[in-house]
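Now for the letters of each chain:
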Amino acid sequence: MSNFTVERLSFQHLAELPKAWDNADYKALLAKMDYDNPEEIAAAELKAMCQMSITDLEPADAAKLVLEYLFADELTEGQLDQLAHQLQTEKLWEENPRLEMHEGFFNVTQLLYEAYNGKFPHPQAVEFKVKVTAADGADLAVFDEKPAAPLLRLLAPGLSDSALLHRLFGDQLAGTTFAEAPSILWQIAPSEKTATSVVFDVIASDYWLEDFKYADTYEATTHADEAAEAAE
């Protein structure tokens, strides 16, 4: 166990994730919709043209097309059909049991929500900066290889005891393996590192970490997963 001081520096909501979609994605989706010569579209117009083409489809067909593009090797035809219908009414980035696909479900819903002017569920993520200061600078090494599990163990004490994270993953938070952690903390970017501290920019679903906006500065302990340590 390593001791840290945890300080929330900022907190905001996001309607879309940074770099979720780029021009190569828009071109690929246009090609998938049999759009002629997407390579000839000006870069500044690609997103709008892609969204316009998407809305030429029925919502379920559009959802299936985007799901198939993002998860081509991970979902069967039957699963694609089922999820395409669920996507219109359900927050799959929260409700689907496959946590490893939640970030992708969020990005699919965000693209469709924007294209269809709100006909799909409204996606909302959170982004915050948190400063982690070690009692011993050497303890920062716990975040070097696979930071999600040890960082999530540090964030959890900043939530109430009744928070969903505690209720569903109490054993993993206290235990030696938290395989789901990278599927909960979607993006982690370290910055402003000193000999004893590091600032993490974290992006996740508000489903798990909305209440971290109330976190004050606090002391907490954390540890890396044993499995992660064994693999290093």
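Refer to the preceding data block for the structure.
Okay, so let's go over this structure. (Residues numbered from 1 in each chain as written. Predicted model: local features only at pLDDT ≥ 70, side-chain atom pairs only at ≥ 80, totals over all residues. Heavy atoms only, no water.)

Looking now at the packing of helix α1 (residues 23–32) against helix α3 (residues 59–70). When two helices pack together, their arrangement is given by the angle between the helix axes and by the axis-to-axis distance. Between α1 and α3, the least distance of the axes is 11 Å, while the angle of their chain directions is 125°. By the angle between their directions, the pair α1 and α3 is classed as oblique. Taken as a pair, α1 and α3 cross one another with a handedness that is right-handed. Here Ala 24, Asp 25, Ala 28, Leu 29 and Lys 32 of α1 lie close against α3, whose contacting residues are Leu 65, Val 66, Glu 68 and Tyr 69. Here the residues of the contact of α1 with α3 sort into six nonpolar, no polar and three charged. (Axes fitted to C-alpha atoms, helices over the stretch in contact; angles between N-to-C directions. Helix = DSSP H or I, 4+ residues; strand = E, 2+ residues; numbered from the N terminus. Parallel < 35°, antiparallel > 145°, perpendicular 65-115°, else oblique. Left-handed = near helix turned anticlockwise from the far one by under 90°. Contact = heavy atoms within 4.5 Å. Nonpolar A, V, L, I, M, F, W, Y, C, P; charged D, E, K, R; others polar.)

Attention shifts here to the pattern of salt bridges. For the structure on display, the rule yields ten salt bridges. The salt bridge involving Lys 32 is made with Glu 68; its shortest N-O contact spans 3.1 Å. With a gap of 36 residues between them, Lys 32 in helix α1 and Glu 68 in helix α3 connect regions that are remote in the sequence. Residue Asp 144 pairs with Lys 193 through a salt bridge whose shortest N-O separation is 3.8 Å. Separated by 49 residues along the polypeptide, Asp 144 in the loop between β2 (125–134) and α7 (148–155) and Lys 193 in the loop between β3 (185–191) and β4 (197–205) bring together distant segments of the chain. The class for Lys 193 is exposed, based on a relative accessible area of 55%. Counted as one network, the salt bridges with shared partners bring together Lys 64, Glu 77 and Asp 81. (Salt bridge = Lys/Arg side-chain N within 4 Å of Asp/Glu carboxyl O. Buried < 20%, exposed > 50% of the residue type's maximum accessible area, 1.4 Å probe, protein only.)

Here we come to the packing of α3 against helix α6 (residues 102–115). In contact at an axis separation of 10 Å, α3 and α6 are set at 140° when each is read in the N-to-C sense. By the angle between their axes, α3 is oblique relative to α6. Note on packing geometry: the crossing formed by α3 with α6 is right-handed. Contacts between α3 and α6 pair Ala 62, Ala 63, Val 66, Leu 67 and Leu 70 from the former with Gly 104, Phe 105, Val 108, Leu 111 and Leu 112 from the latter. Tallied by class, the residues present in the contact of α3 with α6 amount to nine nonpolar, one polar and no charged.

Turning our attention to the sheet that holds β4. Strand pairing in a sheet is mediated by backbone hydrogen bonds. Such pairs are either parallel or antiparallel. The strand order across the open sheet formed by five strands is β3-β4-β2-β1-β5, and the pairing between neighbours is antiparallel. The sheet terminates laterally at β3 and β5 (218–222), the two strands that pair on one side only. The mean inter-strand angle of the sheet, taken between neighbouring strand axes irrespective of direction, is 35°. In this sheet, β2 lies alongside strand β1 (residues 2–14) in antiparallel orientation, the contact comprising ten bridges. Bridge pairing in β2 places Glu 7 opposite Lys 131. Here α7 sits on the sheet in contact with β1, β2, β3, β4 and β5, set at roughly 145° to β5. (Pairing = 2+ DSSP bridges.)

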